[in-house]
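Survey of secondary and tertiary structure
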Amino acid sequence: MDRNSPLSLDTKYSATSGRIFVTGTQALVRLPMLQRQRDLQNDLNTAGYITGYRGSPVGGYDTALLKASDFLLRYHIRFQAGVNEDMAATACWGTQQVGIWKSKYEQAKYDGVFAIWYGKGPGVDRSGDALKHGNLAGTSSNGGVLVLAGDDQGAKSSTTAHQSEQALIAAMIPILYPASVQEYIDYGLLGFAMSRYSGCWVGFKCVGDIIESTASVSIDQDRLDIKNPSDFNLPKDGIHIRWPDSPIEQEKRLISVKLKAAQAFVRANKLDRISHAVENKRLGIVAPGKAWLNVCQAFDELDLSENEREDLGIGVFKVAMPWPLEPTRIRSWAEGFDEILVIEEKRNLIEDQLARVIYDLPENMRPSLIGKYDDGGNILVPEFGELNGTLIARIIANRFLD
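Residues numbered from 1 in each chain as written. Predicted model: local features only at pLDDT ≥ 70, side-chain atom pairs only at ≥ 80, totals over all residues. Heavy atoms only, no water.

Notes on the overall build of the protein
What counts here: Helix and strand definitions follow DSSP, with helices as H or I runs of at least four residues and strands as E runs of at least two, each counted in order from the N terminus. Here the globule rule is a power law, 2.2 Å times the number of residues to the power 0.38, and the radius of gyration is based on C-alpha atoms. Contacts were defined at the residue level, with two residues in contact if any of their heavy atoms lie within 4.5 Å. Values of accessible area rely on a 1.4 Å probe in the Shrake-Rupley scheme; residue burial ignores everything except the protein chains shown. The sign given to each residue is positive for Lys and Arg and negative for Asp and Glu; His and the chain ends receive no count. Charged groups are reduced to one reference atom each: NZ for lysine, CZ for arginine, CG for aspartic acid, CD for glutamic acid.
Across its full length, the protein carries 16 helices and 13 strands. Against the globule reference of 21 Å for 402 residues, the protein gives a C-alpha radius of gyration of 21 Å, in line with a compact fold. With respect to the three principal axes, the spread of C-alpha positions in the protein is 75 × 55 × 40 Å. Here the analysis covers contacts within the protein between residues at least 6 apart in sequence; of these, 81% occur between residues at least 24 apart. Of the roughly 17,700 Å² that the protein leaves accessible, carbon and sulfur atoms contribute 49%. Across the protein, the mean location of the 44 positive side-chain charges is 7 Å away from that of the 51 negative side-chain charges.

Examining a negative patch on the surface
What counts is decided by this rule: A residue counts toward a patch only above 30% relative accessible area and without a salt bridge, and it is joined to like-charged neighbours within 9 Å or, for Val, Leu, Ile, Met, Phe, Trp and Tyr, to nonpolar neighbours within 5 Å. The salt bridge criterion pairs a side-chain nitrogen of Lys or Arg with a carboxyl oxygen of Asp or Glu, the two atoms within 4 Å.
A grouping of Asp-300, Glu-301, Asp-303, Glu-308 and Asp-311 is seen on the molecular surface, where their side chains present a negatively charged patch. Taken together, the elements giving at least two residues each to the negative patch come down to α12 (289-301) and α13 (306-312). Tracing the chain through its elements places Asp-303 in the loop between α12 and α13.

Quick look at the environment of Asp-70
Cut-off, in case you're wondering: A simple rule labels every residue: compare its accessible area, found with a 1.4 Å probe on the protein chains alone, to the largest value its type can have, and call it buried under 20%, exposed over 50%, or partly exposed in between.
Residue placement: Asp-70 occurs in helix α4 (residues 69-74). Note on Asp-70: relative accessible area 53%, which makes it exposed. The sequence separation of Asp-70 and Ser-275 amounts to 205 residues, and the corresponding C-alpha distance is 39 Å.

Describing the sheet that holds strand β13 (residues 368-370)
Strand pairing within a sheet occurs via backbone hydrogen bonds; the two strands may be parallel or antiparallel. As a reminder of what qualifies: Should DSSP find at least two bridges between two strands, the strands are taken to pair. Helix axes are fitted to C-alpha atoms over the stretch in contact, other axes to C-alpha atoms as well, and angles between N-to-C directions run from 0 to 180 degrees.
Read from one edge to the other, the open sheet built from five strands follows the order β9-β11-β10-β12-β13, with strand pairing classed as mixed. Edge positions in the open sheet fall to β9 (273-276) and β13, since each of these has one partner strand only. Each neighbouring strand pair of the sheet contributes to a mean axis angle of 25 degrees, computed without reference to strand direction. Strand direction decides the pairing type here: strand β10 (residues 283-288) and strand β12 (residues 339-342), joined by four bridges, are parallel.

Encoded structure:
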């Protein structure tokens, strides 16, 4: 953003670089504009399509989209609220078919259409059929689909305390879990790139504590150097949407290639990362999204300085994609710890996958693994309600600190 240009409430949508001050919801409005801008820089003439159904915690998303409609249109982005969640997901499926149907008289106006579906957790549940069919069919190479799943973990404005991961897994949709407003921008752009590379629809877990927060975020295009994997071989016929396409071939392609391509993308772009390094490996903590924020808060509540944490041998690994878990980086990090503690909300997801990842490590380098239960079978990290930093601080203190 030009420092000499006047600031206004519209700056968050009109600025083309620099930093903007936004809520999580507004970041998700700005995201498709940045995707269009990024595509133009790469000589792609794309359009965007956003549809879904309101509900906590993404209940204000459509209102924010309507307020920004003039800006969206400038970037060739169409917002159309769905009659219901299922029809919205089906419309996203349709956007990926641009370019399939070619005739002598009609050609596609755009190189591709990227799409965003949004809905609360129960909306993910009820739309399972449409989401599964869309993901099996896949995405176009210049399109991509993000599935914004709003989880009201504490049932503050919903009839259920929700966790969407299991429904997304049933549709075999990879899941990204951002931990900040900045990551709504970064993971969003990475999510579209992953969707294009892998041919998968990509889940995007949204919780109230993050989507309703505000932050100054960077929208500079050069802050992200998005890479396609160099160590993964795609099939000669590609992995994107096509016609005709049999159900058996769709299933085979999704399980054997597309999900593995998503893991390769996470590995190539180092989305999973060591957030708190340590040389003396005693306790390793694994956490995604908001749970990772709770771990950081727990360190503050325990008044642990960086030096004290390192002396105690406590390291932390931040997971960007809880499912399917990319095994390479986390396996290398976990090797040599005495114990690994998995902090995740509600039912365990990462813990079960991590058990398989570290199972065949050499016995003297394989850590013990705890999470929902400790090694005595006692409840450790609750499977219900919401997590917070105070609760995590107590778990760390009771388990590990004198």
